[in-house]
Amino acid sequence: MPEIIELPERPYVGVRKTITMTSFNLVGDRIGEIIGWLIERGAYPAGAPFFKYDSINMDADRLVVVAGVPVATPVEGEGDIFAATLPAGRYATVSHHGHPDQLIDVTGKLLKWAAGQGLTWDKTADDDGTEHWSSRLELYNTNPAEEPDMNKWHTDLQFRLAD
């Protein structure tokens, strides 16, 4: 069942790519690299790696997605790895246990639940239907090295609500 939680600002490092639904690996495959980059600098992940959807246009099959790794204290970026902060605020959240392929349905149910609750997302939309989200997250709580079976993965969705 979805719920609304209050979250503080959260620093992270990440990479941003414009992708399609079938080229997620272009951004997803960078998570291990980002974690290694942090460890080389004496910093460590301060939570689950995530995908942050900056913009979505399903009709055009165009997504701007960040692969991010939270850090306890801000770290300076380098190359295409940048440092940023997830905004504080109220987030609608729901947990999912199962294959990430099922997240499209889980997301649809969260969006429908929020509409039924009269909630408003922190997003804008362009004339072409592209949605720009302030913070729409999929947090991957399962380490694939420890649990390679994606059907057993635990994922949290956190979508920021308008103030």
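Heads up: these notes are all about the structure in this document. This is a predicted model, so every value here is computed, not measured.

Conventions we followed
Residues numbered from 1 in each chain as written. Predicted model: local features only at pLDDT ≥ 70, side-chain atom pairs only at ≥ 80, totals over all residues. Heavy atoms only, no water. Helix = DSSP H or I, 4+ residues; strand = E, 2+ residues; numbered from the N terminus. Rg over C-alpha atoms; globule rule 2.2 N^0.38 Å. Buried < 20%, exposed > 50% of the residue type's maximum accessible area, 1.4 Å probe, protein only. Areas by Shrake-Rupley, 256 points an atom, 1.4 Å probe, with all protein chains shown as cover. Contact = heavy atoms within 4.5 Å. Salt bridge = Lys/Arg side-chain N within 4 Å of Asp/Glu carboxyl O. Pairing = 2+ DSSP bridges.

Okay, the overall build of the protein chain next. In terms of regular secondary structure, the protein chain is built from three helices and 10 strands. Its helices and strands in sequence order give the protein chain the pattern β-β-α-α-β-β-β-β-α-β-β-β-β, from N to C terminus. Rg of the C-alpha trace for the protein chain: 15 Å, near the compact-globule value of 15 Å for 163 residues, within the 12% margin. Each principal axis of the C-alpha atoms in the protein chain carries an extent, and together these give about 45 × 35 × 35 Å. The burial tally for the protein chain puts 46% of its 163 residues in the buried class. Within the structure as shown, the protein chain displays about 8600 Å² of accessible surface, and the carbon and sulfur contribution to it stands at 52%.

To continue, consider the environment of Glu3. Checked against the element boundaries, Glu3 lands in strand 1 (residues 3-7). Among all residues touching Glu3, those that are not within four sequence positions of it are Tyr91, Ala92, Thr93 and Trp113.

Attention now moves to unusual backbone geometry. Of note, the phi angle at Asp61 is positive, near 50°, even though the residue is not glycine. In this fold, Asp61 is placed in the loop between strand 3 (50-57) and strand 4 (62-70).

Our focus in this paragraph is the pattern of salt bridges. By the definition in use, this model includes 10 salt bridges. Among the salt bridges present, the one from Arg41 reaches Glu40, with a minimum N-O distance of 3.3 Å. The exposure class of Arg41 is partly exposed, given its relative accessible area of 38%.

Let us look at the pairing of strand 2 (residues 10-19). Taken across its 10 residues, strand 2 has seven buried, putting it largely inside the fold. With five bridges connecting them, strand 2 and strand 5 (residues 82-86) associate as antiparallel partners. If you follow Arg10 over to strand 5, its bridge partner there is Leu86. Bridge count for strand 2 against strand 4 is eight bridges, and the pairing is antiparallel. In the strand pairing of strand 4, Val13 is matched with Val69.

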